[in-house]
Amino acid sequence: QVQLVESGGGLVQPGGSLRLSCAASGSIFSINGMNWYRQAPGKERELVAGITSGGSTKYADSVKGRFTISRDNAKNTVYLQMNSLKPEDTAVYYCNAEIRDSYISTRPYWGQGTRVTVSS
C-alpha cells in the first residue's frame, strides 16, 4: 500500500509565502512524475506544477515566477514553495505521483489535500 501525505498548508496574508511538502511511503519501487494540483471552491481541479524523475519542471501560467516545485528522491518527497501569494491562490492543494508499486504495476496516487487560504 502506498500513501501520500501532504503538509504545510494554512492561512497566510497576501504577499506571503508557504512551503508545501508531500511524502510518499509504502511499497514503492520507483516514482516517476510528481505533481501539485489545486481545487478552489466551485472550480475544477487544475495542475499547478509538475516535476519529472529527472528534475524537469512545468508550471501553470498563473503561478510561473512565484511557485517553485522541487523533489528529494532519497526521501520520496515533493515540495512546492509558494511566494507572493494572492487571494486567488486559495484552494485545497493535492499531491499526485505516478508510482511503480510492483514489478508489473505503475499507477497514480493522490494525497488527501492540504488547505491554503490567502486572506488579510
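Draft legend 1. Expanded view of the overall build of the protein chain. Counting secondary structure elements, the protein chain contains zero helices and eleven strands. Against the globule reference of 14 Å for 120 residues, the protein chain gives a C-alpha radius of gyration of 14 Å, in line with a compact fold. Along the first, second and third principal axes, the C-alpha atoms of the protein chain reach 50 × 25 × 25 Å. Expressed as a percentage of the 120 residues in the protein chain, the buried residues total 42%. Counted over contacts in the protein chain with a minimum sequence separation of 6, partners at least 24 positions apart contribute 54%. For the protein chain, the accessible area works out to roughly 6,400 Å², and carbon and sulfur atoms hold 46% of it. Distance from the positive charge centre (13 side chains) to the negative charge centre (9 side chains) of the protein chain: 3 Å.

Draft legend 2. Inspection of the environment of Cys22 at higher detail. Along the chain, Cys22 turns up in strand β3 (residues 18–26). Put simply, Cys22 and Asp89 are 67 residues apart on the chain and 18 Å apart in space, counted from C-alpha to C-alpha. Cys22 has contacts with Leu4, Val5, Glu6, Trp36, Asn76, Thr77, Val78 and Cys95, leaving out every residue within four places of it along the chain.

Draft legend 3. Main features of the pairing of strand β5 (residues 46–51). Relative to β5, strand β4 (residues 30–39) runs antiparallel, the two being bridged by five bridges. Across the sheet, Tyr37 pairs through a bridge with Leu47, a residue of β5. Hairpin connection of β4 to β5: six residues between the antiparallel strands, including Gly42 at a positive phi of 75°. Where β5 meets strand β6 (residues 57–59), three bridges bridge the pair, whose relative direction is antiparallel. Directly across from Ala49, in β6, lies its bridge partner Tyr59. Linking β5 to β6, which pair antiparallel, is a turn of five residues; within it Gly55 sits at a positive phi near 100°.

Cut-off values and rules
- Residues numbered from 1 in each chain as written.
- Predicted model: local features only at pLDDT ≥ 70, side-chain atom pairs only at ≥ 80, totals over all residues.
- Heavy atoms only, no water.
- Helix = DSSP H or I, 4+ residues; strand = E, 2+ residues; numbered from the N terminus.
- Rg over C-alpha atoms; globule rule 2.2 N^0.38 Å.
- Buried < 20%, exposed > 50% of the residue type's maximum accessible area, 1.4 Å probe, protein only.
- Contact = heavy atoms within 4.5 Å.
- Areas by Shrake-Rupley, 256 points an atom, 1.4 Å probe, with all protein chains shown as cover.
- Lys, Arg positive; Asp, Glu negative; His and termini not counted.
- Charge placed at Lys NZ, Arg CZ, Asp CG, Glu CD.
- Pairing = 2+ DSSP bridges.

The quantities given are spatial measurements derived from coordinates; they are silent on function.
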